[in-house]
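# Residue-level structure breakdown
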Amino acid sequence: MIYMFLADGFEEVEAICPLDLMRRAGLTVKTVGIGKSEIVGAHGIKVIADMTDADYSDNNAEMIFLPGGMPGTLNLANSPVVINAINKAVRDGSYIAAICAAPSILGDMGLLNGKEAICYPGFEERLIGAKISESKVVRDGKIITAAGMGVAYDMGIAIVRILCGDKKANDLYEATIHA
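Residues numbered from 1 in each chain as written. Predicted model: local features only at pLDDT ≥ 70, side-chain atom pairs only at ≥ 80, totals over all residues. Heavy atoms only, no water.

Tallied over the entire structure, the rule returns four aromatic pairs. Taking 6.5 Å as the distance between ring centres and 65 degrees as the angle between the ring planes, the aromatic pair formed by Tyr 120 and Phe 123 counts as edge-to-face. Residue classification places Tyr 120 among the partly exposed residues on the basis of a relative accessible area of 42%. Measuring from ring centre to ring centre gives 6.3 Å for Tyr 153 and Tyr 173, while their planes differ by 55 degrees; the resulting arrangement is tilted. Here Tyr 173 lies in helix H6 (residues 166-177) and Tyr 153 lies in helix H5 (residues 152-164), a separation of 20 residues in the sequence. Three or more aromatic residues link up through ring pairs in this structure, and these residues are Tyr 3, Phe 5 and Tyr 56. The side chain of Lys 142 reaches across the aromatic face of Tyr 95, ending 4.2 Å from its centre. (Phe/Tyr/Trp six-rings, centres within 6.5 Å; stacked < 30°, edge-to-face > 60°. Buried < 20%, exposed > 50% of the residue type's maximum accessible area, 1.4 Å probe, protein only. Helix = DSSP H or I, 4+ residues; strand = E, 2+ residues; numbered from the N terminus. Lys NZ or Arg CZ within 6 Å of the ring centre and 35° of its normal.)

A few words now on the pairing of strand S6 (residues 63-66). Burial of the side chains of S6 extends over both faces: Met 63 and Phe 65 are buried on one face and Ile 64 and Leu 66 on the other. Note that strand S1 (residues 2-6) and S6 share three bridges and pair parallel. Looking at the pairing, Tyr 3 lines up with Ile 64 of S6. (Pairing = 2+ DSSP bridges.)

Okay, the environment of Lys 30 next. Checked against the element boundaries, Lys 30 lands in strand S2 (residues 29-33). Sequence-wise, Lys 30 and Phe 5 are 25 residues apart; in three dimensions their C-alpha atoms are separated by 8.6 Å. For Lys 30, the contacting residues outside a window of four places in its chain are Met 1, Ile 2, Tyr 3, Met 4, Arg 23, Asp 50 and Met 51. (Contact = heavy atoms within 4.5 Å.)

Below, the structure written as structure tokens:
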């Protein structure tokens, strides 16, 4: 199971585009609303989460996904449920994906030390101990980071490639780019 955490102020494209691609690939993804089920994105788009953080149980998390956006990233960082889910993912060897400003959460937690990572320009100092990448989407071990909204599609395809393999990712790419 992949859990995507959504907090008020999240960047809509960074959540919805990868979510759509992962579900098209047949991955099971549940959205988790922080504090409530109706979450309002940074640009006023309302999304109804599959569950709230009060209902969240991460017993079988294959991946934790954190979209960026402001103040969404700050709201995620202030959620004990999100922090606990990230810590459990690290302990269990699960994947953690973060895009835009959200990699700063991982940096602040000390999880990027010695790892290659990328984030939205201006947040690099928050990627404490990381080697800042020139790539727009980066995987280092079980952590996947991406630069921002403009590469949300690329991140979604990268996640499908990691979890489902090259063929599924290539087929999905062809189906969505040439549709």
